[in-house]
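The chain contents come next:
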Amino acid sequence: MAMSDDLNAIQEQVDQMLKGAKSLEDLERVRVQALGKKGSITTIMHMMGKVPPEERPTMGKLANTVRANVQAAIEQRKVQLAREAMERRFSAEEADVTLPGRRLSPGTQHLVNQIREEIEDIFCGLGYTVEDGPFVETTYYNFTALNAPEDHPSRSAKDTFYVEDNAPEGKEAHVLGESDVLLRTQTSGVQVHVMEEKKPPIYMICPGTVFRPDTPDANHLPQFTQVEGLVVDEGITFGDLKGTLDYFTREIFGKDRATRYRPHFFPFTEPSCEVDVSCGVCHGEGCRFCKGTGWLEILGCGMVDPNVFGYVGIDPEKYSGFAFGIGVERVAALRYDLPDLRMLMTGDMRFLRQF
Ligand code: DAH
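Residues numbered from 1 in each chain as written. Predicted model: local features only at pLDDT ≥ 70, side-chain atom pairs only at ≥ 80, totals over all residues. Heavy atoms only, no water.

**Describing the state of the cysteines**
All chains considered together, the criterion is met by zero disulfides. Unpaired in this structure, Cys-273 has its nearest cysteine sulfur neighbour in Cys-301, at a distance of 3.6 Å. Given the relative accessible area of 4%, Cys-273 is considered buried. Of all cysteine sulfurs, the one in Cys-290 lies closest to Cys-282, which takes part in no disulfide; the gap is 3.6 Å. Looking at Cys-282, the relative accessible area reads 12%, which means it is buried. (Disulfide = S-S within 2.5 Å. Buried < 20%, exposed > 50% of the residue type's maximum accessible area, 1.4 Å probe, protein only.)

See below:
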């Protein structure tokens, strides 16, 4: 019977010690004393072999019960101590519960991405597909197959970020920094990829990032977003181009903004033009925002040059098409009358939260 006395004594002793435990460290000490490797209960458990066989079941049961009780008591005291600690923290001396809490500020989609998706929605509504293309591109796709002559100024390292060290083996790049591999300066190269992969009819857009070695200022960013568009089908005319882009500008800017088409030059389209939208600040009167002209440029476009069809094996006698390139940051700036494109890049939450 000595062992059962011991067990009961241990139980009582642990209960006493728990009452005195004032911290988690005290509690841990009690746990080690009772349940640790050399703890009182563990020691008694080890002595079970010496108990006469007929008493063993009763003793074993009692020992297990005491151990379970002690474990439960320790857990209970732990919860109690935690609650006491919490209450102390919230007591007037330690925390002012009347202070406002820290508010979580959920993020929103960046304005540029919002507009990019809006443009995708408009063209998806017209049955266009949304394509993708590589940021790192070869001169063939970015320039050559887009009918840009070898000496076109945009090929120079002043206007294009070249990816170093890619002159063909045994051949040196003929101008410092130039090579066959570059960061795309326009999304127009995706036209070539798509025409190589798909047969007409093609109705596609390709939104994406482009890169140019420009110093950032109110109207330039070294990295920005374009949405390329390409239509190739039988009997496509300039009327289709104009109808499509007029529809697009009205959807994006509202019905009260006018458009105009100015002749321009792009190597890959003929004829080509730039499209302006009437100024949203002065409504065409002329102001500082539109530099007194009443108009703001939003995109370049034109009828696909037959030479481009030549590079991808599309018969220009059978098919015709139009293409366009929209600057997404410009659309954002013109829609919200932003005086400086850099506002879109600085990550100033006071500005971005407005959209
Ligand atoms: N790639 C031209 C640029 O970056 C924009 C452009 C103009 C795209 C005319 C076109 C186009 O597809 O037909 O300035």
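From this point on, the discussion continues.
**Side note on the nonpolar core**
Judged by nonpolar contacts, the single largest core of 45 residues is most densely connected at Ile-119, Leu-299, Phe-324 and Ile-326. Sort the elements by how many residues they give to this core and helix H5 (residues 111–125) lands first, with six residues. Sequence-distant contacts of Ile-119, that is, excluding residues within four places in its chain, are made with Ile-205, Val-227, Phe-248, Ile-252, Ile-326 and Val-328. (Core = buried A, V, L, I, M, F, W, Y, C linked by side-chain atoms within 4.5 Å. Helix = DSSP H or I, 4+ residues; strand = E, 2+ residues; numbered from the N terminus. Contact = heavy atoms within 4.5 Å.)

**Quick look at the UniProt feature "binding site: Mg(2+)" (unreviewed entry) in the protein chain**
When the UniProt feature table is mapped to this numbering, "binding site: Mg(2+)" (unreviewed entry) covers Glu-270. Judged by its relative accessible area of 48%, Glu-270 falls in the partly exposed class. Sequence-distant contacts of Glu-270, defined by excluding residues within four places in its chain, comprise Met-303 and Asp-305. (UniProt positions renumbered as here; feature names shortened; annotations may be inferred.)

**Some remarks on the domain arrangement of the protein chain**
In terms of domain boundaries, the protein chain breaks down into domain 1 (3–91) and domain 2 (111–352). Relative to domain 2, the C-alpha centre of domain 1 lies at a distance of 76 Å. (Domains from an automatic or database assignment.)

**Topic: helix H2 (residues 24–35)**
Its 12 residues give H2 an end-to-end C-alpha distance of 16 Å, which sits within 8% of 16 Å, the value for a rise of 1.5 Å per residue. What H2 keeps buried is the set Leu-27, Val-30, Ala-34 and Leu-35. What you see down the axis of H2 is that its buried residues fit within an arc of 95 degrees, all on one side. With respect to the buried face of H2, the exposed residues turned more than 90 degrees away are Glu-25 and Arg-29. Buried residues in H2 make contact with helix H1 (2–20), helix H3 (40–46) and helix H4 (56–90). (Expected span 1.5 Å × (residues − 1). Arc of directions from axis to C-beta.)

**Re H4**
Spanning 35 residues, H4 covers 51 Å between terminal C-alpha atoms, matching the ideal 51 Å at 1.5 Å per step. Taken together, the buried residues of H4 touch H1, H2 and H3.

**Some words on the environment of Phe-90**
Tracing the backbone shows Phe-90 in helix H4. You can call Phe-90 partly exposed: its relative accessible area is 48%. It is 63 Å that separates the C-alpha atoms of Phe-90 and Asp-246, two residues lying 156 residues apart in sequence. If we skip the residues at most four places from it in the chain, Phe-90 touches Ala-95 and Val-97.

**Points about the site of the ligand**
Not every one of the 15 residues close to the ligand is listed here, only the nearest: Gln-186, Ser-188, Arg-212, Gln-226 and Glu-228. One of the backbone N or O atoms of Ala-323 is found 3.1 Å from an oxygen atom in the ligand. Protein burial of the ligand: of its 360 Å² of free accessible surface, 90% is covered by the chains. Among the secondary structure elements, those contributing two or more residues to the shell around the ligand are strand S5 (223–233), strand S8 (295–304) and strand S9 (320–327). Residues that form the shell around the ligand fall into these classes: five nonpolar, eight polar and two charged. (Near = heavy atom within 4 Å. Polar contact = N/O pair within 3.5 Å; in protein donor to acceptor, adjacent residues only side chain to side chain. Areas by Shrake-Rupley, 256 points an atom, 1.4 Å probe, with all protein chains shown as cover. Nonpolar A, V, L, I, M, F, W, Y, C, P; charged D, E, K, R; others polar.)

**A closer look at the side chain of Asp-340**
Inspection of the secondary structure assignment puts Asp-340 in the loop between helix H10 (328–335) and helix H11 (349–352). Looking at Asp-340, the relative accessible area reads 18%, which means it is buried.

**Overview of the pairing of strand S7 (residues 269–278)**
Regular strands place side chains that alternate from one sheet face to the opposite one. Summarising burial for S7: eight of the 10 residues are buried, a large majority. As paired elements, strand S6 (residues 259–266) and S7 share seven bridges and run antiparallel to each other. Its bridge partner lying in S7, Arg-262 is registered against Glu-274. Linking S6 back to S7 in an antiparallel pair, the connection comprises two residues. (Pairing = 2+ DSSP bridges.)

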